[in-house]
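# Structure at a glance
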Amino acid sequence: MADLAVAPPPQPPATDLFGEPIEAHPPWFKPESFLRADFDPDAYVAELRSYVPLESLAAELRAHLASLRAELVGLINRDYADFVGLSARLKGVDAAAARMRAPLAELRDKVAGFRAAAAAALAALRAGLEQRAAASAARELLELLLDTSHVVSKVEKLIKELPTAPSDSSMDKGNDTVEAGTGVRETQSILLERIASEMNRLKFYISHAQLQNLPFIENMEKRVQGATKLLDGSLERCFVDGLEHRDAKVIYNCLRAYAAIDNTSSAEELFRTTVVSPLIQKIVPQNYAKAVAGASSDELEDDYQKIKQCVEKDCKFILDISSSANSGLHVFDFLGNSILKEVLSAIQKSKPGAFSPGKPKEFLKNYKASLRFLDFLEGFCHSKSAVTKFRSEPVYTDFIRQWNVGVYFSLRFQEIAGGLDSSLTNTISPAGINENQGKRNMLLLKQSIKLLESLQSCWSDEVLVFSHSDKFLRLSLQLISRYTTWLSSGLSARKVSDGSSNSPADAEWALSTPVEDFIYIMHDVHAVIGELSESGSVLERVNELLLSCPIEVRNLVKQSILQAVEPLKELLPTIMNVMIGVIVKKSNEDLKHLKGITATYRMTNKLPVRHSPYVSGILHPLKVFLEGERIHYLSEEDKTKLRRGCTDKISAIYYEMVSEVVTVARKTESSLQRLRQGAQRRVGANTDASDNIISDTDKICMQLFLDIQEYARNLRAIGIDAREIDSYRALWQCVAPKDKQENIQF
């Protein structure tokens, strides 16, 4: 302990020039890491050794250990005097504890006694409460049984009073007035409503009492069942009587009675069999008899019109009663469970063929007439919730399920898509030339006409089912794609096979089609693109049909159609290239005569004086094509593209052939010149005389120069300036004299 007492006090931390404490450890050494609960020495050393030498880490740890020991010594020295004097301050503590022990023990005994007394009182109180709850439950059960017995007796008494009321027969015998009969029916209906409310209360009591399986309730079940049967029969007779006499008050009271006993289905069924069924049987079976005799068919339009008149005349009164405000009669659905149910049953029995999609036209007509009939029935609903309730009825769902629109669409798909497919397997055949003379935007080919007819059919009132408009949109896109694929396959086969027989079936039409017929194809593709544009008839019709849809839906439909047309637009340059390729190929036949110029001016003194005969035939195929009777079906823009495309390619080929002829001639002349000079040197002759002779190459170039001048004049005759053609300028540079190289004149 002497060593601890003489330990030097801790030194204050060193500070820098500004008085800030100097860090005792480097930044990577953090002593607070040792205080964490999850400190792992192995992981700590492994983490630091990657960038700190182990010697430096060991030195820092030893320095930290020394500082901790110094701090510990300081803490011990600070409280050492108090620790040594602790024993002197605890004198007399044992005596004080002994004096306090007796009162504390006495207090503990008193608390234990009070606790036992409180527990006993609490147990007694709980027992009393349990007895009280049992008594209360028994009392409630007894009251429930008494109320049940009282209500049963009351219901039986009220039911017995019903026959004592004057009936229609007694009124007839006593020559009572109609007003008296109306009063009797109203009195009966009011009494029945009262009995129904009591019966509803009785059912409530019995449902609660049956949970305890009481013999008293079981013995009363026969009485309850008898009272229920009597009530149902009396209520049925009163309700039917009210329906026959159109007595609104009686019907209102009877409906409230049915609603009170939660038996709405019986009222709906009674109205169906009493009022609706006779009316429907007068309409549908009569027409069905005519159908059997061959005078009618399965069409429903006329039937629906007559049914609507009957509903307006003979059913509207009960619909108004059941939908009156604050009447509590909204639980009834006479529209669905009475009217629609009877109509569906009558159609299924008398005209089952109306639901068959095997005859698409008749099916669609009946389907749309049925939808209009449903809209007519929904017109009697006074709120959106009533419409929702009507549509959620099982009979409504069953009625809609009868119309197999999916099968109808499949048949229409086969009809429309199959018609287009069969037309695309035929050869190109103009069909609308005579009818569409002078009408640039009208279609000419059977295939294009069939495509437009198919698209128009998809969106016509005689074909389209609005609920399946997404499927008809997909069919429209498939038709456009099929037409585009047919064109693309044919053009690709024409380009690749060049008339060979190894081509797909879709492409055979293109191989046998003359180049003039491609004018019809170009015209029809432009016309189809126009019909499918934003201002075209197809999109206008689609937008007209989809006006009830959100603008986002209409925009998506428009974009999908416009996007389907893009591949068709991309075929226009290919069609143009096919026509250009055929014309250029014919022109090449005349260009082949150019090689005869070499033989004409080889080893002769003859000089060219006029252009070669072949020049006039180079552009002859193009002129014939442009002067044909079908050329007016091409737009001026397409004519310009055709002229420019043909002349560019012909000029390029012309340049290649001329360049080859001139190059070969110069090489040949150079070889002959070297041989001639060698022979003259051997014999000692003078070589200057041969320098003034015009060479064969010069004569060939002179002839070619005359030819390209005539060719340029022929280009100008069809509206093309030869100076604007790059290959012609190269051709001019190849054969023109040196003094005319920079100035193209012809």
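Predicted, not measured: the structure shown is a model, and the values here were computed from it.

On to the packing of aromatic side chains. The geometry of an aromatic ring pair comes down to the distance between the two centres and the angle between the two planes. Evaluation of the coordinates by the stated rule reveals 28 aromatic pairs. Here F373 and F376 contribute two aromatic rings whose centre-to-centre distance is 6.4 Å and whose plane-to-plane angle is 25°, an arrangement assigned as stacked. A residue pair is termed a helical-turn pair when its members lie 3 or 4 positions apart in one helix, as F373 and F376 do in helix α13 (residues 360-378) at 3 residues. In this structure an aromatic cluster arises from ring pairing among F355, F363, Y367, F399, W403 and Y408.

Another aspect to go through is the packing of helix α18 (residues 469-496) against helix α22 (residues 551-569). The axes of two packed helices give the description: the angle between them and the distance between them. Packing of α18 against α22 brings their axes to within 9 Å, and their N-to-C directions diverge by 10°. With respect to α22, the axis of α18 lies roughly parallel. The residues of α22 that touch α18, namely those facing L473, L477, I480, Y483, T484 and L487, are V557, S560, I561, A564, P567 and L568. Per-class residue counts for the contact of α18 with α22 are 10 nonpolar, 2 polar and no charged.

Viewed as axis vectors pointing N to C, helix α11 (residues 301-322) and helix α12 (residues 334-350) meet at an angle of 155°, and their least axial separation amounts to 11 Å. One way to sum up the angle between α11 and α12 is to call them roughly antiparallel. As for the relative orientation of α11 and α12, their crossing is right-handed in sense. Residues Y304, I307, V311, C315, I318, L319 and S322 of α11 touch α12, and the partners they reach there are F334, L335, I339, V343 and I347. Tallied by class, residues from the contact of α11 with α12 come to 11 nonpolar, 1 polar and no charged.

Right, let's get into helix α9 (residues 248-260). The terminal C-alpha atoms of α9, which comprises 13 residues, lie 18 Å apart, in line with the 18 Å expected from a rise of 1.5 Å per residue. Looking at α9, one finds that the buried residues are V250, I251, N253, C254, L255, A257 and Y258. Near the N-terminus of α9, the side chain that reaches the backbone nitrogen of K249, with its oxygen 3.3 Å away, is that of D247. Just beyond α9, the residue with positive phi is D262, at close to 55°.

With respect to the helices, strands and loops of the structure, N714 is situated in helix α28 (residues 696-717). On the accessibility criterion, N714 (11% relative accessible area) is buried.

What follows concerns a nonpolar patch on the surface. A grouping of L72, I76, Y80, F83 and V84 is seen on the molecular surface, where their side chains present a nonpolar patch of about 490 Å² in accessible area. Structurally, the position occupied by L72 is in helix α3 (residues 54-84).

Take the pattern of salt bridges next. Summed over all chains, the structure comprises 28 salt bridges. Residue R36 pairs with D38 through a salt bridge whose shortest N-O separation is 3.7 Å. The class for D38 is exposed, based on a relative accessible area of 61%. Put simply, E342 and R272 hold a salt bridge, and the shortest N to O gap is 2.4 Å. With E342 in helix α12 and R272 in helix α10 (residues 264-292), this residue pair connects regions lying 70 residues apart in the sequence. Taken as a pair, E342 and R272 share a single burial class, namely buried. If you follow the salt bridges from partner to partner, you end up with E269, R272, K341 and E342 in one network.

Of all residues in the chain, 82% attain a pLDDT of 70 or more, and the chain-wide mean is 80. Considering only residues more than four positions removed or in separate chains, one finds that residues 436-440, a stretch of pLDDT under 50, has 10 contacts.

Bringing unusual backbone geometry into the picture now. Both trends apply: most residues other than glycine have a negative phi, and most peptide bonds are in trans. Residue R246 is not a glycine yet carries a positive backbone phi of 55°. Judged by its relative accessible area of 36%, R246 falls in the partly exposed class. A positive phi angle is found at D262, which is not glycine, with a value near 55°. Following the sequence through the fold, D262 ends up in the loop between α9 and α10.

Scoring rules and cut-offs
- Residues numbered from 1 in each chain as written.
- Predicted model: local features only at pLDDT ≥ 70, side-chain atom pairs only at ≥ 80, totals over all residues.
- Heavy atoms only, no water.
- Phe/Tyr/Trp six-rings, centres within 6.5 Å; stacked < 30°, edge-to-face > 60°.
- Helix = DSSP H or I, 4+ residues; strand = E, 2+ residues; numbered from the N terminus.
- Axes fitted to C-alpha atoms, helices over the stretch in contact; angles between N-to-C directions.
- Parallel < 35°, antiparallel > 145°, perpendicular 65-115°, else oblique.
- Contact = heavy atoms within 4.5 Å.
- Nonpolar A, V, L, I, M, F, W, Y, C, P; charged D, E, K, R; others polar.
- Left-handed = near helix turned anticlockwise from the far one by under 90°.
- Expected span 1.5 Å × (residues − 1).
- Buried < 20%, exposed > 50% of the residue type's maximum accessible area, 1.4 Å probe, protein only.
- Polar contact = N/O pair within 3.5 Å; in protein donor to acceptor, adjacent residues only side chain to side chain.
- Patch = residues over 30% accessible without salt bridge, like charges linked within 9 Å, V, L, I, M, F, W, Y side chains within 5 Å.
- Areas by Shrake-Rupley, 256 points an atom, 1.4 Å probe, with all protein chains shown as cover.
- Salt bridge = Lys/Arg side-chain N within 4 Å of Asp/Glu carboxyl O.
- pLDDT = per-residue confidence, 0-100.

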